[in-house]
Amino acid sequence: MHIVLEAAGDGGVRATGLDESDEPRFTEEFPRGRLPEWVAAHADGPRWVWDDTARWYPRLLDAGVRVERCTDLRLCHAVLRRALATARSRLATAEPNGWDRLETQGPDDGGLFRIGDETAQLDAVAEFRLQREAVAQADGGRLGLLLAAESAGALIAAELTFAGVPWRADVHDRILTGMLGPRPAPGMRPARLAELLGELRERFGSPDLNPDSPPELLRGLRRAGISVSSTRSWELKRVEHPGIPALLEYKKLSRLASANGWQWLDSWVRDGRFTPVYVPGGVVTGRWASNGGGALQLPAQVRDAVRADDGWKLIVADAAQLEPRVLAGLSGDLAMARAAQGADLYSGMVESGAVQTREQAKYGMLGAMYGGTRGESGRMVPRLGKAYPRALGLVEAAARAGERGESVSSLLGRSSPRPGTTWPALGDVDDQAEADERERRARSDNRAWGRFTRNFVVQSTAAEWALCWMAALRNRLWTLGSGTLRERPHLAFFLHDEVLVHSPAGLADEVAEHVRQTAAEAGRLLFGAFPIEFPVTVSVVDSYADAK
DNA sequence: GACCACCGCGCG
DNA sequence: AAAGCGCGCGGTGGTC
């Protein structure tokens, strides 16, 4: 059973129930204030269909209503418009319409039903039927599963924001004070930074050196006789000069102060929770992005501020070597799957004799998946190609396809965008040097796009695995404990291949077991009987900083 | 003052 | 130790 929810006139909601053949069985209109109770009354688990989860679900959550499953038409539309498997469908061949321009909105910007003229005209029932038709006709991929996973991700994202990351502002402040000195007056430099500034100005003999400005800093360093091409830390680390340690520490600490300092704390932490906004499908590969607060870049330095509530625990779970394992499954490479049978894939590669050291295995795999050509990484790729021809062959083929300007697809059928078509006409260049330069640029752009498509097949399939893992885990967590979402064990944070569950202490071990089981379940869902394992490292802790 | 490109660096 | 992929964000310094 599907129930489509749409905005109706006068701030009302129209609900259309569809049967197994997607034929309307009922239509009902009611005021939007009644939405939570109306949804709650349909507890038999229909799949709710709506334009944008971020616009509908937060209000339901606020009213204490959780839904089991949904179809997020905006996200699904984006997948189907681009997927190779649905390229010939009516949905994909139509001119771009409102669904392509529909931007996700939170419940706060524009309100649930004041969503602009264009959006108000979108017909969710018609769009839903077009999507179903496209999926039914698809000649490849497993798009039904992908759309379900994508939509489950949208529910999870809203629930993560609703729950928030448990955050101890007092601990965060203690960390900052320990590293930077006490909180300075607004606009003032923290004491430790002021001290370092004085020191490095003295050591570089440059009383007004400004390390906050890369161009100025570069000039200052050159005046001091240091020849570097940039002011990046890794380049400065190679320089022997008495001022360098102070400069590096200054850069490190000023980064902490500006990105995750007291200002950040004031802006993003309220009532013991950090509540980031996640953007499911925000990355071309299907990974999530985030909006504000830098949720996906929380530095290790401040993770100790993430603390379970009293009587609760954090269950921190990290999928070990997710991308290479995904590549083994995607390519059906039995030799690589065998190397992955222990807890550590890279050691398994060494034991099988493919390479000599764990480091070689690790950097070689990175090179294979990212398109590395230089250094240790580039040297190892051919060796891995001999040991794992199927796996390496798959990423090579993806790179060649990208260089030819073709799309590539994930396991479930998410397809990459086509490269931008900025080919200059050959005829309009009469200068040979100019023509050569363009030729060189074009080749370099092609190779860069090949590295993108090479990585796309792995990163996007890994994102699918992670969605399946989380969706299964979300369902299990709901069956533990009782009460509202925040009273039961619930997902509190997600970072590509890592999840954090906040749980009453008494249920923590049970949660840990479910985390492991659902990881295995996600592997079977994607790769069937193919023998590739997805071990997760699970820690039950009070502080995020104590994980693993 | 608003906007934008670039740098540098945090995360996976 | 960095390189090859994907991001977001704060600061600077340029343009309009």
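Above this text is the structure in question.
These lines cover the structure that appears in this document, whether it is placed above or below. Predicted, not measured: the structure shown is a model, and the values here were computed from it.

Counting residues in hydrophobic clusters, the biggest one holds 127 residues, and the most contacted among them are Trp 167, Met 349 and Trp 465. Sort the elements by how many residues they give to this core and helix α21 (residues 432-479) lands first, with 12 residues. With sequence-adjacent residues up to four places away left out, Trp 465 is seen in contact with Ala 319, Leu 322, Ala 519, Ala 522, Gly 523, Leu 526 and Phe 534. Among the nonpolar cores identified, the runner-up in size contains 21 residues, and Ile 3, Trp 48, Cys 70 and Leu 485 belong to it.

Our focus in this paragraph is the protein's contact with DNA strand B. Neighbouring residues of DNA strand B: 19 residues in total, closest Thr 231, Ser 233, Lys 251, Gln 297 and Asp 497. Lys 252 has a polar side-chain atom sitting 3.3 Å from a phosphate oxygen of DNA strand B. Between Gln 297 and DNA strand B, the recorded distance is 3.1 Å, taken from a side-chain N or O atom to a base nitrogen. The element best represented in the surface near DNA strand B is helix α13 (residues 244-260), accounting for three residues.

Glancing now at the protein's contact with DNA strand C. Taken together, 25 residues form the shell around DNA strand C, and within it Ser 213, Trp 234, Gly 292, Gln 297 and Tyr 363 come nearest. Per the 4 Å cut-off to the protein, sugar and phosphate atoms form 72% of the nearby atoms of DNA strand C. The contact in question runs from a phosphate oxygen of DNA strand C to an N or O atom on the side chain of Arg 374, over 3.5 Å. Within the side chain of Gln 459, an N or O atom sits 3.2 Å from a sugar or linking oxygen of DNA strand C. Broken down by secondary-structure element, the contributors of at least two residues to the surface near DNA strand C are α13, β10 (289-291), α18 (358-370) and α21. A per-element tally of the surface near DNA strand C places α21 first, with four residues. Split into classes, the residues belonging to the surface near DNA strand C amount to seven nonpolar, 12 polar and six charged.

Bringing the pattern of salt bridges into the picture now. This structure, assessed with the given rule, holds 32 salt bridges. Where Arg 34 meets Glu 37, a salt bridge forms, and the shortest distance between an N and an O atom there is 3.8 Å. With a relative accessible area of 34%, Arg 34 lands in the partly exposed category.

Where burial is concerned, most of strand β2 (residues 12-18) is hidden: six out of the seven residues are buried. Sheet topology note: the strand β1 (residues 2-8)/β2 ladder contains seven bridges and is antiparallel. Bridging from a neighbouring strand, Leu 5 pairs with Ala 15 of β2. Connecting β1 to the next strand, β2, in antiparallel fashion are three residues, including Asp 10 with a positive phi near 60 degrees. Following β2, the chain reverses through five residues before pairing antiparallel with strand β3 (residues 24-31); Asp 22 in that reversal takes a positive phi of roughly 60 degrees.

Before going further, it helps to examine the sheet that holds β2. What the five strands build is an open sheet, ordered β3-β2-β1-β4-β5; its pairing is mixed. The open sheet has two edge strands with one neighbour each: β3 and β5 (69-72). Pairwise comparison of adjacent strand axes, ignoring direction, gives a mean angle of 25 degrees for this sheet. Strands in contact with helix α2 (residues 53-62) are β1, β2, β4 (47-50) and β5; relative to β4, the strand with the most contacts, it is inclined by about 130 degrees. Strands in contact with helix α3 (residues 73-82) are β4 and β5; relative to β5, the strand with the most contacts, it is inclined by about 55 degrees.

So, on to the environment of Ala 148. Within the secondary structure layout, Ala 148 lies in helix α8 (residues 143-163). In sequence terms Ala 148 and Leu 467 are 319 residues apart; their C-alpha atoms lie 9.6 Å from each other.

Following the criterion strictly, the structure yields 15 aromatic pairs and no others. Seen in terms of ring centroids, Phe 30 and Trp 38 are 4.8 Å apart; in terms of plane orientation they differ by 20 degrees. Their pairing is stacked. The class of Trp 38 is buried, set by a relative accessible area of 4%. Judged by centre distance (6.1 Å) and plane angle (70 degrees), the ring pair of Trp 38 and Trp 48 falls under edge-to-face. Note that Trp 38 is positioned in helix α1 (residues 35-41) and Trp 48 in strand β4, a separation of 10 residues in sequence. Of the two residues examined, Trp 38 and Trp 48, each falls in the buried class. Pairwise contacts between aromatic rings join Trp 465, Trp 469, Phe 527 and Phe 534 into one cluster.

Once that is clear, we can look at the packing of helix α20 (residues 389-403) against α21. In contact at an axis separation of 7 Å, α20 and α21 are set at 135 degrees when each is read in the N-to-C sense. Here α21 runs oblique to α20, going by the angle between their axes. Classified by chirality, the crossing of α21 by α20 is right-handed. Contact with α20, carried on its side by Leu 394, Val 395, Glu 396, Ala 398, Ala 399, Arg 400, Gly 402 and Glu 403, involves Asn 446, Arg 447, Trp 449, Gly 450, Thr 453, Arg 454, Val 457 and Val 458 of α21 and no other residues of that element.

Mapped onto the secondary structure, Ser 89 falls in the loop between α3 and α4 (90-93). Looking at Ser 89, its side chain comes within polar contact range of the main-chain oxygen of Thr 86, at 2.7 Å. Ignoring anything within four residues of it in the chain, the contact list for Ser 89 reads Ala 134 and Gln 137.

What follows concerns α18. Here α18 is 13 residues long and its end C-alpha atoms lie 18 Å apart, about the 18 Å a rise of 1.5 Å per residue gives. Buried residues of α18: Gln 360, Ala 361, Gly 364, Met 365, Gly 367, Ala 368 and Met 369, and no others. Turning to α18, the residues buried within the fold contact α15 (322-331), α16 (334-339), α17 (345-351), α19 (375-387), α20 and α21. Trailing α18 by a residue or two, Gly 371 shows a phi angle of about 85 degrees, which is positive.

What counts and what doesn't
Residues numbered from 1 in each chain as written. Chains lettered and ligands numbered in written order. Predicted model: local features only at pLDDT ≥ 70, side-chain atom pairs only at ≥ 80, totals over all residues. Heavy atoms only, no water. Core = buried A, V, L, I, M, F, W, Y, C linked by side-chain atoms within 4.5 Å. Buried < 20%, exposed > 50% of the residue type's maximum accessible area, 1.4 Å probe, protein only. Helix = DSSP H or I, 4+ residues; strand = E, 2+ residues; numbered from the N terminus. Contact = heavy atoms within 4.5 Å. Near = heavy atom within 4 Å. Polar contact = N/O pair within 3.5 Å; in protein donor to acceptor, adjacent residues only side chain to side chain. Nonpolar A, V, L, I, M, F, W, Y, C, P; charged D, E, K, R; others polar. Salt bridge = Lys/Arg side-chain N within 4 Å of Asp/Glu carboxyl O. Pairing = 2+ DSSP bridges. Axes fitted to C-alpha atoms, helices over the stretch in contact; angles between N-to-C directions. Phe/Tyr/Trp six-rings, centres within 6.5 Å; stacked < 30°, edge-to-face > 60°. Parallel < 35°, antiparallel > 145°, perpendicular 65-115°, else oblique. Left-handed = near helix turned anticlockwise from the far one by under 90°. Expected span 1.5 Å × (residues − 1).

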